[in-house]
Amino acid sequence: LSRLQLTRLYIGNQFCHLLFPEEDLLFTLMDKTWADGLAVTLSFSYLREFMLKPIQQLLETLNFWCQKHQTTVEIVVNDWAMADLLTDFPHLHPILGVLINKRRKDPRLSYKKGELSALSENSINADFYRNFLAETCRVTRYEEESCGYLPELPEGKHSLHLPFYQTNTSQYCTLYAGSVYGDRSRQQLVTSCDRRCEWQAYLYPRHLNMVGHYNSLFGKDSEILERTGIVPYNM
């Protein structure tokens, strides 16, 4: 991996809206990536009602930044409201995030189901759905995850995230509830936090290959690291 040439920087978070950078930091990062000749992809999570107006204002500012620098920026879409908002901004190109590009993902599936090849296809493999995304939402590129079995990817240039993959995401932060109240069932909408997920996580038995991080659960596809020769399986 160290020999690969970096061409794109992802900024933001697909799962928690509180982990998206403040506007000053965001444009400082974007100015730096543009100066270094790198492409930019901004990762957005779900959108709640109170987020719609600020997000629209941010998109207007991002579109103006693109016009000024004569470039385009990719936007990871994880909410249909975001897909609708982006139709008004030609310099912002939407790509389908993993919260919408749903797939059966669970590190325990091999124990429960055995053979997983039947899960290789999802809705994105349907021609009519891809046509709908392209014609209505301008989406022709998708975010995919390596999740313990080989997904059947449609033709085109898409992104594959590895070795970690999302299995569950809540708009109410489980980690915050467990850390603050000592009871993970006391979940509530968190409007601001101290980024405690930078030093805290939920741990599970090693054979499950999963971890609870901020408002989500993530599994690890260890086999893809072994198959690609990146690291031995036991790391």
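Note: the structure precedes this text.
Quick caveat, the model's predicted, so the values are computed rather than measured.

Participant: What's the story with the packing of aromatic side chains in this structure? I'm lost.
Facilitator: For any two aromatic rings, the description comes down to two numbers: the centre-to-centre distance and the angle of the planes. A full pass over the atoms with the stated rule returns 4 aromatic pairs. Geometrically, the ring pair formed by Tyr214 and Phe218 is edge-to-face, given 5.9 Å between the ring centres and 70° between the ring planes. Relative accessible area serves as the criterion here: at 10%, Phe218 is assigned to the buried category. Ring pairs connect the aromatic residues Phe15, Tyr214 and Phe218, which therefore count as one cluster.

Participant: Looking at this structure, how should I read the nonpolar core?
Facilitator: Nonpolar side chains tend toward joint burial in soluble globular proteins. If you look at the biggest cluster of nonpolar residues, it comprises 33 residues, and the most contacted ones within it are Met30, Leu42 and Leu62. Those elements giving two or more residues to this core turn out to be helix 1 (23-35), strand 2 (39-43), helix 2 (52-69), strand 3 (73-77), helix 3 (80-85), strand 4 (92-96) and helix 5 (127-137). Of all the elements, helix 2 adds the most residues to this core, at 6 residues. Those residues within four positions of Met30 in sequence are excluded, and the remaining contacts are Ile11, Val40, Leu42, Leu62, Trp65 and Val73. Formed by 14 residues, the second largest nonpolar core is a distinct cluster that contains Leu18, Leu19, Cys173 and Tyr202.

Participant: Can you walk me through the sheet that holds strand 9 (residues 210-213) in this structure?
Facilitator: Consider a sheet: its strands pair through backbone hydrogen bonds, and that pairing is either parallel or antiparallel. The 4 strands lie next to each other as 7-10-9-8, forming an open sheet whose pairing is antiparallel. Across the chains shown, the open sheet's two edge strands, defined by having one partner strand only, are strand 7 (164-169) and strand 8 (202-203). When strand 7 meets strand 10 (residues 216-220), the two strands line up antiparallel, connected through 5 bridges. Bridge pairing in strand 10 links Thr169 to Ser216.

Participant: Help me understand helix 5, please; the structure alone is not making it clear to me.
Facilitator: Think of an α-helix as turning once every 3.6 residues; residues three or four places apart then point the same way. Within the sequence span of helix 5, burial applies to Tyr129, Leu133 and Cys137. Projected down its long axis, helix 5 shows its buried positions confined to an angular sector of 40°, all on one face. Along helix 5, the residues that are exposed and aim more than 90 degrees away from the buried face are Phe128 and Glu135. For helix 5, the secondary structure elements touched by its buried residues are helix 3 and strand 4.

Participant: Would you mind going over a nonpolar patch on the surface with me for this structure?
Facilitator: A cluster of nonpolar side chains, contributed by Leu160, Leu162 and Ile230, occupies part of the molecular surface with about 230 Å² of accessible area. Mapped onto the elements of the fold, Ile230 is located in the segment after helix 7 (222-228). Taking the relative accessible area as the measure of exposure, Ile230 reaches 37% and is therefore partly exposed.

Participant: Could you clarify how one ought to interpret the pattern of salt bridges in this entry?
Facilitator: Opposite charge on two side chains allows them to pair when their charged atoms are near. Counted under the stated rule, the structure contains 8 salt bridges. Residues Glu74 and Arg141 are paired through a salt bridge, measuring 2.5 Å at the closest nitrogen-oxygen approach. With Glu74 in strand 3 and Arg141 in the loop between helix 5 and strand 5 (143-145), the pair connects residues that are 67 residues apart, well separated along the chain. Each member of the pair, Glu74 as well as Arg141, is classed as buried. Between Arg141 and Glu143 there is a salt bridge, and its shortest N-O distance comes to 4.0 Å. Under the relative-accessibility criterion, Arg141 is labelled buried at 12%. Assessed through its relative accessible area of 0%, Glu143 is described here as buried. Because the salt bridges share partners, they merge into one network encompassing Arg8, Glu74, Arg141 and Glu143.

Rules and cut-offs
- Residues numbered from 1 in each chain as written.
- Predicted model: local features only at pLDDT ≥ 70, side-chain atom pairs only at ≥ 80, totals over all residues.
- Heavy atoms only, no water.
- Phe/Tyr/Trp six-rings, centres within 6.5 Å; stacked < 30°, edge-to-face > 60°.
- Buried < 20%, exposed > 50% of the residue type's maximum accessible area, 1.4 Å probe, protein only.
- Core = buried A, V, L, I, M, F, W, Y, C linked by side-chain atoms within 4.5 Å.
- Helix = DSSP H or I, 4+ residues; strand = E, 2+ residues; numbered from the N terminus.
- Contact = heavy atoms within 4.5 Å.
- Pairing = 2+ DSSP bridges.
- Arc of directions from axis to C-beta.
- Patch = residues over 30% accessible without salt bridge, like charges linked within 9 Å, V, L, I, M, F, W, Y side chains within 5 Å.
- Areas by Shrake-Rupley, 256 points an atom, 1.4 Å probe, with all protein chains shown as cover.
- Salt bridge = Lys/Arg side-chain N within 4 Å of Asp/Glu carboxyl O.

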